[in-house]
Amino acid sequence: MCPLLPPGFVLDPTSICSNSVQFVEQKWCPGSFSSEGRYNFADHSGLGGIYKSSVEGHGVVMLRQPEQRIISGYFYDQHDWPKEHFHRPAKDLLEYAQVCSGCAVKILTRKAIDGDLSTGYTVCGNPPPATTVEVTLAKQRLRSGFVFVGITDEWDLSICLLHAIFGGSCLA
């Protein structure tokens, strides 16, 4: 993926959404990451509008336990809560979960750029719940359109598997 990356390079996790990531992409990983349809490297933009052109057949994703993502988002200043839609914060964790649930499905199927708040919400905070049609499509896309699907709760194992598939040493 990044043939020019120096051996032993580790990206500082505190800079994952900053300009340093774009620098790494441009300097050491030219052509490895598509910027089509996304706001920045680690955003949560919807892939619905760019799946065929930029993801299918070479997508890489790390997925998180949905309940943990909801709890984390709620306590991280209600990340993804559609404040512009409701004109108030979520009343509690349950209300937040009811609106923001299905984030991975929404990302895999809906079309929206994270950071483009002209709609009043992010793709994960898009109020209509994920439909059964979207769930089916998301599963199909994960099975056939991604070359790697990792699990954040099994980070070390997932990264070792990534290295086994694409090259590199397992350091865990």
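As a reminder, the structure under discussion sits directly above these lines.
I will try to describe carefully the structure that is included in this document.

About the criteria used
Residues numbered from 1 in each chain as written. Predicted model: local features only at pLDDT ≥ 70, side-chain atom pairs only at ≥ 80, totals over all residues. Heavy atoms only, no water. Axes fitted to C-alpha atoms, helices over the stretch in contact; angles between N-to-C directions. Helix = DSSP H or I, 4+ residues; strand = E, 2+ residues; numbered from the N terminus. Parallel < 35°, antiparallel > 145°, perpendicular 65-115°, else oblique. Left-handed = near helix turned anticlockwise from the far one by under 90°. Contact = heavy atoms within 4.5 Å. Core = buried A, V, L, I, M, F, W, Y, C linked by side-chain atoms within 4.5 Å. Buried < 20%, exposed > 50% of the residue type's maximum accessible area, 1.4 Å probe, protein only. Polar contact = N/O pair within 3.5 Å; in protein donor to acceptor, adjacent residues only side chain to side chain.

### What about the packing of helix α3 (residues 66-75) against helix α5 (residues 93-100)?
Across the interface, α3 lies against α5 with an axial gap of 10 Å and an inter-helix angle of 120°. Classified by the angle between their axes, α3 and α5 sit oblique to one another. Crossing handedness for the pair α3 and α5: right-handed. Residues Ile 70, Ile 71, Gly 73 and Tyr 74 of α3 pack against Leu 93, Tyr 96 and Ala 97 of α5.

### So, the nonpolar core
Within the largest apolar cluster, 13 residues are counted, with the highest numbers of intra-cluster contacts made by Leu 47, Val 55, Ile 107, Leu 108, Cys 124 and Phe 146. Elements represented by at least two residues in this core include exactly α2 (51-55) and α6 (103-109). The leading source of residues in this core is α6, at 4 residues. Those residues within four positions of Leu 108 in sequence are excluded, and the remaining contacts are Leu 47, Gly 48, Ala 138, Arg 141, Leu 142 and Phe 146. One finds Ile 70, Tyr 96, Ala 97 and Val 99 within the second-largest nonpolar core, a separate group that totals 8 residues.

### So, the side chain of Thr 109
Mapped onto the elements, Thr 109 comes out in helix α6. Overall, the relative accessible area of 14% leaves Thr 109 in the buried class. A distance of 2.7 Å separates the side chain of Thr 109 from the backbone oxygen of Val 105, its partner in a polar contact. Sequence-distant contacts of Thr 109, that is, excluding residues within four places in its chain, are made with Gly 48, Glu 134, Leu 137, Ala 138 and Arg 141.

### Thoughts on unusual backbone geometry
In the Ramachandran plot, Asp 80 falls in the positive-phi region, its phi being about 80° despite a non-glycine side chain. You can see Asp 80 is positioned in the loop between α3 and α4 (83-86). With relative accessibility at 7%, the residue Asp 80 sits in the buried group. The phi dihedral of His 87 is positive, around 60°, even though this residue is not glycine. By the secondary structure assignment, His 87 is in the loop between α4 and α5.

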